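# Architecture and fold: a report
So you can see what is in the structure, the chains are spelled out below.
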Amino acid sequence: GRAGEGAPTQLQQRCERIAGDRGLSPRETEVLAYLGRGHGIVFVASTLVISESTVRTHVKSIYRKLEVSSREELLQLIDEG
């Protein structure tokens, strides 16, 4: 199961470490954290109050910087992070 939310979770720390290593922008780092929790484009867009196309642009940039081509690869990278 998931550990208690609240303090930065291991997931959050892994996302931030990966983001730092790969030069993600602060916004891309935020988007990455939501993707890592399994949230979709629509959820991220409404939570961050940005358009879905903006989220998609961030996702493409994240995939490029992390050298992954699918959500599965992304989650695997985060899990291993």
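Below is a short write-up of the structure. Note that the structure is predicted; figures quoted are calculated from it, not measured.

Per the counting criterion, the structure on display carries three salt bridges. The partner of Lys 65 in a salt bridge is Glu 28, and the shortest N-O contact between them spans 2.8 Å. Of this pair, Lys 65 sits in helix 4 (residues 52–66) while Glu 28 sits in helix 2 (residues 26–36), placing them 37 residues apart in sequence. Here Arg 56 and Glu 52 are joined by a salt bridge, their closest N and O atoms 3.8 Å apart. Separated by four residues within a single helix, Arg 56 and Glu 52 lie in helix 4, roughly one turn from each other.

Let's shift gears to the packing of aromatic side chains. Working definition: an aromatic ring pair is given by the centre-to-centre distance plus the angle between the planes. Inspection of the entire model under this criterion finds one aromatic pair. Sitting over the ring of Tyr 34, Arg 37 keeps its end group 5.3 Å from the ring centre.

Turning to the nonpolar core, a few remarks are in order. Counting 23 residues, the largest nonpolar core has Val 31, Leu 32, Val 55, Ile 62, Leu 66 and Leu 74 as the members making the most contacts within it. Breaking this core down by element, the ones donating at least two residues are helix 1 (10–22), helix 2, helix 3 (41–48), helix 4 and helix 5 (71–80). The element that contributes the greatest number of residues to this core is helix 4, accounting for five residues. If sequence neighbours within four positions are ignored, Leu 32 has contacts with Cys 15, Ala 19, Leu 24, Ile 62, Leu 66, Leu 74 and Ile 78.

You can see Arg 64 is positioned in helix 4. Residue classification places Arg 64 among the exposed residues on the basis of a relative accessible area of 59%. Placed 42 residues apart in sequence, Arg 64 and Arg 22 show a C-alpha to C-alpha distance of 9.9 Å.

What counts as what
Residues numbered from 1 in each chain as written. Predicted model: local features only at pLDDT ≥ 70, side-chain atom pairs only at ≥ 80, totals over all residues. Heavy atoms only, no water. Salt bridge = Lys/Arg side-chain N within 4 Å of Asp/Glu carboxyl O. Helix = DSSP H or I, 4+ residues; strand = E, 2+ residues; numbered from the N terminus. Phe/Tyr/Trp six-rings, centres within 6.5 Å; stacked < 30°, edge-to-face > 60°. Lys NZ or Arg CZ within 6 Å of the ring centre and 35° of its normal. Core = buried A, V, L, I, M, F, W, Y, C linked by side-chain atoms within 4.5 Å. Buried < 20%, exposed > 50% of the residue type's maximum accessible area, 1.4 Å probe, protein only. Contact = heavy atoms within 4.5 Å.

Just distances and angles here, no functional claims.
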